[in-house]
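# Residue-level structure breakdown
As a plain string of letters, each chain reads:
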Amino acid sequence: MRFLELKEKEVINCKDCKRLGYVADIEFDCNTGKVLAIIVPEVGKLFSCFGAGAEYYIRYCDIVKIGPDIVLVDLEPCDICKACEKGKP
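We now turn to the structure provided with this report. Residue positions within a chain follow its written sequence, with the count starting from 1. Only residues with pLDDT of 70 or above have their local features reported here, since the model is predicted, and side-chain atom pairs are shown and tallied only from 80 upward, although totals for entire chains, interfaces and linings are computed over all residues. Excluding hydrogens and water, the side-chain values take into account all heavy atoms of the structure.

## Remarks on the overall build of the protein chain
Helices and strands together make up the secondary structure of the protein chain, namely two helices and seven strands. Counting helices and strands in the order they occur from the N terminus, the protein chain gives α-β-β-β-β-β-β-β-α. Accessible area is worked out with a 1.4 Å probe on protein chains only. A residue is then buried under 20% of its type maximum, exposed over 50%, and partly exposed in between. For the protein chain, the residues scored as buried account for 31% of the 89 residues in total. Pairs of residues are marked as contacts when any of their non-hydrogen atoms sit within 4.5 Å. Counted over contacts in the protein chain with a minimum sequence separation of 6, partners at least 24 positions apart contribute 39%. When the accessible area of the protein chain is evaluated, it comes to approximately 6000 Å², of which 55% is carbon and sulfur surface. Helix numbering and strand numbering both begin at the N terminus, where a helix is a DSSP run of H or I of at least 4 residues and a strand a DSSP run of E of at least 2. To measure how exposed things are, a 1.4 Å probe is used in the Shrake-Rupley method; for residues, cover is taken only from the protein chains shown.

Structural data, given as structure tokens:
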């Protein structure tokens, strides 16, 4: 899968069925090439640059399934708030 294909997918939390937004960026390890996390701007943040708000930092191990249209993640609601406040858990 290419990054541009991943950016078109909406991220949904399995625990509370909350729509988190769309993938805006990924973080990867330069040495291994492995994806460490996906970054999703909080709803209302345009192009992850404009507007107030934080980003959801979702570790790769928290991704349950990447489907044709959505990315399912398994996060506790309190973990989502922590990621949003700090930028990273």
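## Points about the side chain of Glu-10
Among the secondary structure elements, Glu-10 is positioned in strand β1 (residues 10–13). When near neighbours in sequence (up to four residues on either side) are disregarded, Glu-10 contacts Arg-19, Gly-21, Tyr-22, Asp-69, Ile-70 and Val-71.

## Regarding the nonpolar core
Among buried residues, those of type Ala, Val, Leu, Ile, Met, Phe, Trp, Tyr and Cys that are joined through side-chain atoms within 4.5 Å constitute a nonpolar core. Judged by nonpolar contacts, Leu-6, Val-11, Leu-20, Val-23, Ile-38, Val-40, Tyr-56, Ile-58, Ile-63, Val-71, Val-73 and Leu-75 together constitute the single largest core of twelve residues. Mapped by element, the contributors of at least two residues to this core are β4 (35–41), β5 (55–59) and β7 (70–73). Contacts of Val-23, omitting those with residues within four sequence positions, involve Leu-6, Lys-7, Lys-9, Val-11, Ile-38, Ile-39 and Val-40.

## Points about the sheet that holds strand β6 (residues 63–66)
The pairing criterion for strands is at least two bridges between them, as found by DSSP. Spatially, β2-β1-β7-β6 is the arrangement adopted by the four strands of the open sheet, whose pairing is mixed. Edge positions in the sheet fall to β2 (19–22) and β6, since each of these pairs with one other strand and no more. Adjacent strand axes in the sheet meet at a mean angle of 20° when their direction is disregarded. Relative to β2, β1 runs antiparallel, the two being bridged by three bridges. Each bridged residue has a counterpart across the sheet, and for Glu-10 the counterpart in β2 is Tyr-22. A fitted line through C-alpha atoms serves as each axis, taken over the contacting stretch for helices, and the angle formed by two N-to-C directions is quoted from 0 to 180°.

## What to know about the sheet that holds β4
Strand order in the open sheet made by the three strands is β3-β4-β5, with antiparallel pairing throughout. Since the sheet does not close on itself, it has two edges, and those belong to β3 (25–28) and β5, each with one partner. Within this sheet the neighbouring strands show an average axis-to-axis angle of 25°, counted without direction. Here five bridges tie β4 to β5, and the two strands are oriented antiparallel to one another. Opposite Ala-37, over in β5, you have Arg-59 as the bridge partner.

## Description of a nonpolar patch on the surface
Nonpolar side chains collect at one region of the surface, where Met-1, Phe-28, Val-35, Tyr-60 and Ile-66 lie side by side and expose about 500 Å² of accessible area between them. Note that Tyr-60 resides in the loop between β5 and β6. Residues with no salt bridge and a relative accessible area higher than 30% make up the patches, which join like charges within 9 Å and nonpolar side chains (Val, Leu, Ile, Met, Phe, Trp, Tyr) within 5 Å. By salt bridge we mean one thing: a side-chain nitrogen of Lys or Arg within 4 Å of a carboxyl oxygen of Asp or Glu.

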